[in-house]
Amino acid sequence: MKTVDVDPGNTAYSILIDADSLSGFGEFVKERFGKIDGAVITDETVDRLYGGELADSLEAAGHDCGKLVVEPGEESKSPEAAKNLYRDLVHMELHRDSFILAFGGGVVGDLAGFVGSTFLRGIPVIQIPTTLLAQVDSSVGGKTAVDLPEGKNLVGTFYQPEAVFIDPVVLETLDPADVRSGLGEVLKYGLIWDEELFQKVNGNGDLFEDFNDQAELEGIISRCCEIKAEIVTEDERDRGIRQILNFGHTIGHGIEAGAGYGEMKHGEAVLWGMIGESWISARRGYLSQESLEEIVSALRGFALPPLPADLSEERLLKYVKLDKKVRRERINSVLLERIGGEAIVKEISESEVTAAWDYLTELGEG
Ligand SMILES: NC(=O)c1ccc[n+]([C@@H]2O[C@H](COP(=O)([O-])OP(=O)(O)OC[C@H]3O[C@@H](n4cnc5c(N)ncnc54)[C@H](O)[C@@H]3O)[C@@H](O)[C@H]2O)c1
Ligand SMILES: [Zn+2]
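Below is a summary of the structure that appears in this document. Per chain, the residues get numbers from 1 upward, laid out in the order the sequence is written. Chains carry letters and ligands carry numbers; both start at the beginning, A for chains and 1 for ligands, and go up in the order they are written. Side-chain atom pairs in this predicted model are given and counted only at pLDDT of 80 or more, local residue features only at pLDDT of at least 70, and totals for whole chains, interfaces and linings cover all residues. Each side-chain value is worked out from all heavy atoms of the structure, with water and hydrogens disregarded.

So, the coordination of the zinc ion (ligand 2)
Expected angles at a metal are 109.5 degrees for tetrahedral coordination by four donors and either 90 or 180 degrees for octahedral coordination by six donors. Test applied: Distances define the donors: N, O and S atoms within 2.8 Å of the metal qualify, as do those within 3.2 Å of Na, K or Ca. Water is excluded, so some sites may look unfinished. Helix numbering and strand numbering both begin at the N terminus, where a helix is a DSSP run of H or I of at least 4 residues and a strand a DSSP run of E of at least 2. Each residue gets one of three labels from its accessible area relative to the maximum for its type: buried under 20%, exposed over 50%, partly exposed in between, using a 1.4 Å probe on protein chains only.
Coordination of the zinc ion (ligand 2) by the protein comes from Glu 185 (OE), His 249 (NE2) and His 266 (NE2), over a distance range of 2.0 to 2.1 Å. Site description for the zinc ion (ligand 2): donor spacing in sequence, E-x63-H-x16-H. Pair noted here: Glu 185 is in helix 6 (residues 176–193) and His 249 is in helix 10 (residues 249–258), with a separation of 64 residues, a long-range link. Using a relative accessible area of 0% as the deciding quantity, one classes Glu 185 as buried. Overall, the relative accessible area of 7% leaves His 249 in the buried class.

Set out below in structure tokens:
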């Protein structure tokens, strides 16, 4: 069992990482918050796999929680879904001391977090992330959001949960693509912050196929949470150092959006994006050729999915720029000086993006 404490100002909370702990969730909550009432918000897949175990554990500890289930997938991260949840919460008679338990991947975490942060002007939220991406990334840091047809995450809040409760054993049932997607973010932390983490994950591919070394998994997940917590604590509102968490995301977002959302998982696109941005780092002379090769071979070793077949250079560039335009940013990108550190935010040119894309498509063919 591991604990990571997060303290961004006046809203300290802990992240608990404990293998095989889901059945003890009810007791965990009782110890910290007493008997609670509230609503579990989850999706159909997670509910089918683990909903019974969570409900039993809540009931055994004497909590009084209803359940609201959304369809799996990004479409559920919508204002319409949020509105339906608000109305259900009213009918369930939730009040200001009731809890929202966000039980699922990043979609449920963002949606339920958003709903919890706005319902009755904000009620307590506990995150119980069940995908690798959610356990190492989206459940930590307090960003919540829903999407608009015009773009992802355009409406949201900064809202810290009361606690984050992680059971890595549930990762066993993830699709391989969702495992890779989470690994994209895990490797990102290694590359921008911690070479030892990068090497550990790199040499340990089997762990993310059979998930049988629970101590090792707890160690890797808690290290990622620690890194994210450290970075967001310094910069809760995303104005400065937090931007280094976007390593791989300038080109990655271009690939993800250019291919059409849903074609490629977010973290998979980020894996490709990190290769592209490492390549730009090396071309500018920040990163050694040797380190670039090490990064490329490591990331390709995690069975990178093929690049989207009909994604053209023009389309990629269009989406790279679109993503930035909404935020009134130039094409900023995070560049690396070495594996494990000195990540720096720099403006990159369109021609660097397209040259990196040429490099990626060649790699993809080779
Ligand atoms: N708030 C943040 O800081 C932040 C950071 C990164 C990503 N995000 C958001 O996270 C979302 C992506 O999250 P995601 O990748 O977890 O996607 P997701 O929530 O859609 O989960 C992926 C799939 O896995 C299923 N699933 C979840 N847990 C499972 C389990 N234990 N076993 C089997 N199947 C399981 C889900 O039902 C879903 O079909 C995006 O909307 C993204 O914008 C938010
Ligand atoms: Zn990401």
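Focus: the pattern of salt bridges
Definition in use: For this document, the term salt bridge refers to a Lys or Arg side-chain nitrogen within 4 Å of an Asp or Glu carboxyl oxygen.
Counted under the stated rule, the structure contains 17 salt bridges. In this structure, Arg 330 engages Glu 347 in a salt bridge whose closest nitrogen and oxygen atoms are separated by 3.9 Å. Residue Arg 330 is located in the loop between helix 13 (313–326) and strand 10 (332–338), and its partner Glu 347 is located in strand 11 (residues 341–347); the two are separated by 17 residues in the primary sequence. We note a salt bridge from Arg 338 to Glu 342, for which the minimum N-O separation is 3.5 Å. Of the residues examined, Arg 338 reaches a relative accessible area of 39% and is grouped as partly exposed.

Examining helix 1 (residues 25–33)
Selection criterion: As used here, the arc is the angular range of directions from the helix axis to the C-beta atoms. We call two residues in contact whenever any of their non-hydrogen atoms come within 4.5 Å of each other.
Listed as buried for helix 1 are Phe 25, Gly 26, Phe 28 and Val 29. Buried residues along helix 1 cover an arc of 160° about the axis, so they all sit on one side. Against strand 2 (13–17), helix 2 (44–60), strand 5 (99–104), strand 6 (125–129) and strand 9 (163–166) lie the buried residues of helix 1.

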